[in-house]
Amino acid sequence: MNKRPLAALMILAALGSTALVTATQAATPTAASAQSIPAGTAVNEGAVARHYGALVFANYSDALAAAKEMQTAIKAFVTAPSAQAMDKARQAWRDAREFYGQTEAFRFYGGPIDDENGPEGQINAWPLDEAYVDYVEGKPNAGLINDRKFTITKANLIKVNERGGEENVSSGWHAIEFLLWGQDLSEKGPGERSFEDYVDGKKSNADRRRQYLTVATELLIDDLASLVKAWEPGKKNYRAGFEKGGRESVRKMIVGLGSLSRGELSGERMEVALNSQDQEDEHSCFSDNTHRDAVTNAKGIQNVWLGQYQRRDGSKLQGAGLRDLVAGKDAPLAEKTTLQIAESVRLAEAIPAPFDQAIIQGSAGRPVIEKTIASLVEQSKLLVDSASAVGITKLTLVQP
């Protein structure tokens, strides 16, 4: 998440008639669950909530499995550091992000990921002050890695995460990203950290760097596993209550999609960077993977809206989605929203890499980002209208 303060307010006229208030807050699918909903078939809130539970569980399970493959690649790298092993670890990080990015549609309503005890801040907090973790240009002894008084354990990484400042991020995807790529000091590509940073005798505290990367990855695995557990079927967990939540669960689903559309993706992750033209404001700045973050976030919204998700093994989970529920009340609105969400995905896929160059005034990529933002803003309005269509009169949407 972006650590800048977020105001959860919006002018009612801009989003339609639904009232807004300030925000406070892998099992393989069976053949039956993978069937499409026939056109014109009415679905109820319970069916939508139940299928959402299956979709969330599947997506988090895939994210965990992909992260474990990354962990295997990182273990091989720290055991025998080489340029080839580092490249494999970097690619495994990118591959895992493809699945985690889609899960961000499950945020913003106080669920297991981001309730008061949720691990979101340990998993995906950004921006990250590089010097809090390791050396940076001009500061060769900076960071927890170079402080030999600091004991590198999962408990201690949790303890110091965001201590003394919101950019003092010690754990999660972006800490791992920084450890694999290093600072991005190039206009043409990502960071160029050498594998020799992990070789004893080549760089100070290489042993601690290996340990930090290993432990941070272990912590990420633990946190992802906790989310899988919270959404596991047939247990007394968050999913069990969510599936029985009826309209309130549907409200939470729309809050998640609307908040990601407007507050986080179009606002904090794109508008801020577009306005500042500063690569420090892009989401995955070390790896130059920000363009893919935008795509996977947009796809995550589309997944929940349509009630579909393509798994790592290529199989497709499909069932009752928000679109089907809205279509039962206002078919033209449901179709309009479906088309707008598809347009957002299409535009996000057209954003060129690297993102930090696309945001520069006069670049060919800047108009594409502007169009993507406009589409995401429009879809957030349609999502509010959709909530109204199914009888939801209050939403807690996070706004930039």
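See the structure above.
Here we summarise the structure given alongside this text.

About the criteria used
- Residues numbered from 1 in each chain as written.
- Predicted model: local features only at pLDDT ≥ 70, side-chain atom pairs only at ≥ 80, totals over all residues.
- Heavy atoms only, no water.
- Axes fitted to C-alpha atoms, helices over the stretch in contact; angles between N-to-C directions.
- Helix = DSSP H or I, 4+ residues; strand = E, 2+ residues; numbered from the N terminus.
- Parallel < 35°, antiparallel > 145°, perpendicular 65-115°, else oblique.
- Left-handed = near helix turned anticlockwise from the far one by under 90°.
- Contact = heavy atoms within 4.5 Å.
- Nonpolar A, V, L, I, M, F, W, Y, C, P; charged D, E, K, R; others polar.
- Salt bridge = Lys/Arg side-chain N within 4 Å of Asp/Glu carboxyl O.
- Buried < 20%, exposed > 50% of the residue type's maximum accessible area, 1.4 Å probe, protein only.
- Expected span 1.5 Å × (residues − 1).
- Bend = angle between axes of the 7 residues up to and from the residue.
- 1 Å grid on protein atoms, 1.4 Å probe; cavity = no way out; pocket = protein on both sides within 12 Å on 5 of 7 lines; lining within 4 Å.
- Points joined across faces, edges and corners; volume = space filled by probe spheres on them.
- Polar contact = N/O pair within 3.5 Å; in protein donor to acceptor, adjacent residues only side chain to side chain.
- Phe/Tyr/Trp six-rings, centres within 6.5 Å; stacked < 30°, edge-to-face > 60°.
- Lys NZ or Arg CZ within 6 Å of the ring centre and 35° of its normal.

**A short note on the packing of helix H3 (residues 83-103) against helix H11 (residues 290-306)**
Alright, step 1. Running from N to C, H3 and H11 cross one another at 45 degrees; their axes reach a closest spacing of 7 Å. Taken together, H3 and H11 sit at an angle that is classed as oblique. As H3 runs across H11, the sense of the crossing is right-handed. Between H3, through Arg97, Glu98, Gly101 and Gln102, and H11, the contact on the second element is made entirely by Arg292, Asp293, Thr296, Asn297, Lys299, Gly300 and Asn303.
Alright, step 2. Tallied by class, residues from the contact of H3 with H11 come to no nonpolar, six polar and five charged.

**Examining the environment of Leu395**
Alright, step 1. Structurally, Leu395 is set in strand S4 (residues 394-395).
Alright, step 2. Separated by 141 residues in the primary sequence, Leu395 and Ile254 have C-alpha atoms spaced 8.0 Å apart.

**Focus on the pattern of salt bridges**
Side chains that differ in sign of charge can pair as their charged atoms come close.
Alright, step 1. Under the criterion given, the structure shown has 24 salt bridges.
Alright, step 2. Here Asp87 makes a salt bridge to Arg90, at a shortest N to O gap of 3.6 Å. With a gap of three residues between them, Asp87 and Arg90 both fall in helix H3, about one helical turn apart.
Alright, step 3. You can call Asp87 partly exposed: its relative accessible area is 45%.
Alright, step 4. Since its relative accessible area comes to 11%, Arg90 is described here as buried.
Alright, step 5. For Asp222, the salt bridge goes to Lys154, with nearest N and O atoms at 2.8 Å.

**Structural notes on H3**
Alright, step 1. Spanning 21 residues, H3 covers 31 Å between terminal C-alpha atoms, matching the ideal 30 Å at 1.5 Å per step.
Alright, step 2. Within H3, the axis deviates most sharply at Arg97, by approximately 30 degrees.

**So, the layout of surface pockets**
Alright, step 1. Put simply, the second largest pocket is a space of about 250 Å³.
Alright, step 2. If you trace the second largest pocket, you find it lined by Glu98, Phe99, Gln102, Arg292, Thr296, Lys299, Gln302, Asn303, Gln308, Tyr309, Gln310 and Lys316.
Alright, step 3. Among the secondary structure elements, those contributing two or more residues to the lining of the second largest pocket are H3, H11 and strand S2 (308-310).
Alright, step 4. Here the lining of the second largest pocket gets five residues from one element, more than from any other, and that element is H11.
Alright, step 5. Partitioning the lining of the second largest pocket into residue classes produces two nonpolar, six polar and four charged.

**Thoughts on the side chain of Ser61**
Alright, step 1. With respect to the helices and strands, the residue Ser61 is situated in helix H2 (residues 45-79).
Alright, step 2. Polar side-chain contacts of Ser61 include one of 2.7 Å to the backbone oxygen of Phe57.

**Some details on the packing of aromatic side chains**
Alright, step 1. Scanning all chains against the criterion turns up 13 aromatic pairs.
Alright, step 2. Measuring from centroid to centroid gives 5.2 Å for Phe178 and Phe286, while their planes differ by 45 degrees, and the two rings are tilted. Of the two residues, Phe178 is situated in helix H7 (residues 173-181) and Phe286 in the loop between helix H10 (247-276) and H11; the sequence distance between them amounts to 108 residues. Per residue, the accessibility class of Phe178 equals that of Phe286, and both read buried.
Alright, step 3. Considering the side-chain rings of Trp231 and Tyr238, the 5.2 Å spacing of their centres and the 65 degrees angle between planes classify their relative orientation as edge-to-face.
Alright, step 4. Accessibility expressed as a relative area gives 1% for Trp231, which makes it buried.
Alright, step 5. On the basis of relative accessibility, which here comes to 24%, the residue Tyr238 falls in the partly exposed class.
Alright, step 6. One aromatic cluster is present, formed by Tyr52, Tyr60, Phe106, Tyr109, Trp231, Tyr238 and Phe242 through successive ring pairs.
Alright, step 7. Geometry around Phe178 places Arg193 over its ring, the cationic atom sitting 5.0 Å from the centre.

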